[in-house]
Amino acid sequence: MDKIRIAIQKSGRLKDESVKLLRECGLLFNEGKNQLKTPVQNLPFELLFLRDDDIPEYVQDNVADLGIVGENVWIEKNKESELIEKLGFAKCRLSLAVPRGIKTNDLNWFNGKKVATSYPFILNKFFKENSINADVHVISGSVEIAPGIGLSDGICDIVSSGSTLLSNGLKEVFTVMKSEAVLISNKALSPEKIEYVNKLKNRIEAVSNAKNNKYVLLNAPNESLEAIAEILPGMKSPTILPLKQSGWSSVHSVMSENDFWDIIDKLKNLGAQGILVVPIEKMIVK
Ligand code: PRT
Ligand code: ZN
């Protein structure tokens, strides 16, 4: 079997997190400066360092087997490939924005207007689906300055904190799509390669489960154990061990990061004490 080639961004917003994720999945590699590719030392993979815009096409054309790219770029390029996994980093949204002075929250405002964007495929589709007849004007960078120099009435661009819009006198009015980094795959991988890709996918899931969950240990009065077990079901069920002090037990379980404060409040109300919350490095559910 040839090595499985994973294309990642050469430099930019996706680079560091992509490298970190692959390392957390146990892939051992060096990355030298200005390298185009690097072998993975302990598994049959090889990394290619490319511009993010080129990754969907290279995955389609089998130059790379896998790629890590922003969902926004993946969809915009409209190339043949498969989504393997959403990766949870480089989160942002592609939004329509207008000069701050314009009072509208109606999409129909865009009828007959000129909108600058680097995402014409996604934007034209969005306008079509919403029966808006706007003039989509393609520019490749610094989209946010277009209304200020009289090039367009509005823009459609990537937003994360919103400070770029703010400092250019613009306000976000509609979200066209949400995006995060995704792992994509060529559509015709050999069964042998698919086996490795599935292994990588399982490892990515273990890393992401670990990030989204915490290990929790606490002491609780025995009369609260049933109620605590219900709010801390863990992976199968919580571990409950008796304390030396009678009437008390120690409870060990796993909880989701999302419900963290909510759960902690409930545990305290049930009389839990000495609550310890510990990060998890890897979490293999099945
Ligand atoms: O050189 P190469 O072509 O590989 O990189 P690039 O310059 O095209 O892309 P890069 O590294 O800037 O972004 C890669 C991917 O990161 C994007 O395709 C998105 O999926 C994702 N991402 C996440 C972002 C942002 N957040 C982001 N904030 N991409 C761009 N921005 C820009 C945006 O264009 C705007 O200019 O940041 C500005 C807005 O940020 P806020 O925080 O001011 O709202
Ligand atoms: Zn790019």
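Before any of the text, the structure's been laid out above.
Conventions used here
Residues numbered from 1 in each chain as written. Chains lettered and ligands numbered in written order. Predicted model: local features only at pLDDT ≥ 70, side-chain atom pairs only at ≥ 80, totals over all residues. Heavy atoms only, no water. Helix = DSSP H or I, 4+ residues; strand = E, 2+ residues; numbered from the N terminus. Rg over C-alpha atoms; globule rule 2.2 N^0.38 Å. Contact = heavy atoms within 4.5 Å. Areas by Shrake-Rupley, 256 points an atom, 1.4 Å probe, with all protein chains shown as cover. Lys, Arg positive; Asp, Glu negative; His and termini not counted. Charge placed at Lys NZ, Arg CZ, Asp CG, Glu CD. Donors = N, O, S within 2.8 Å, 3.2 Å for Na, K, Ca; no water. Tetrahedral: all angles 85-135°; square planar, octahedral: opposite > 155°, others 65-115°. Buried < 20%, exposed > 50% of the residue type's maximum accessible area, 1.4 Å probe, protein only. Core = buried A, V, L, I, M, F, W, Y, C linked by side-chain atoms within 4.5 Å. Pairing = 2+ DSSP bridges. Axes fitted to C-alpha atoms, helices over the stretch in contact; angles between N-to-C directions.

Help me understand the overall build of the chain, please; the structure alone is not making it clear to me.
Of the regular secondary structure elements, the chain holds 8 helices and 15 strands. Here the chain has a C-alpha radius of gyration of 24 Å; the compact-globule value for 286 residues is 19 Å, and the former is much larger. The long-range fraction of contacts in the chain, counting pairs at least 24 apart against all pairs at least 6 apart in sequence, stands at 68%. As presented, the chain carries roughly 15700 Å² of accessible surface, and 48% of it is formed by carbon and sulfur atoms. For the chain, the separation between the mean place of its 36 positive charges and that of its 36 negative charges on side chains is 3 Å.

Help me understand the coordination of the zinc ion (ligand 2) in this model?
Four donors placed tetrahedrally about a metal ideally form angles of 109.5 degrees, and six donors placed octahedrally ideally form angles of 90 or 180 degrees. The protein atoms donating to the zinc ion (ligand 2) are Asp52 (OD) and Asp53 (OD), with metal-donor distances spanning 1.9 to 2.1 Å. Coordination at the zinc ion (ligand 2) is irregular: its 4 donor atoms span angles of 74 to 173 degrees at the metal. For Asp53, a relative accessible area of 26% translates into the label partly exposed.

How should I be thinking about the nonpolar core in this particular structure?
Generally speaking, a soluble globular protein has its nonpolar side chains buried in company with each other. Ranked by internal contacts, the top residues of the largest apolar core, which has 30 residues, are Leu96, Phe110, Val115, Leu123 and Phe127. Those elements giving two or more residues to this core turn out to be strand 3 (45–50), helix 2 (55–60), helix 3 (71–77), strand 6 (92–99), helix 4 (120–129), strand 10 (170–179) and strand 11 (181–185). In terms of residue count, the dominant contributor to this core is helix 4 (4 residues). Setting aside residues no more than four positions away along its own chain, Leu123 makes contact with Leu96, Val115, Thr117, Val136, Cys156 and Val176. Grouped together as the second largest cluster of nonpolar side chains are 27 residues, Ile8, Val19, Leu43 and Ile204 included.

Just checking my understanding: could you explain the sheet that holds strand 8 (residues 135–138) for this structure?
Backbone-to-backbone hydrogen bonds pair the strands of a sheet. The strands run either parallel or antiparallel. If you trace the 5 strands from one edge of the open sheet to the other, you get 8-7-9-6-10, paired in mixed fashion. The open sheet is flanked by strand 8 and strand 10, the only strands paired with a single partner. The average undirected angle you get between the axes of adjacent strands in this sheet is 30 degrees. The pairing of strand 6 with strand 10 spans 8 bridges and is classified as antiparallel. Across the sheet, the residue bridging to Leu94 is Met177, located in strand 10.

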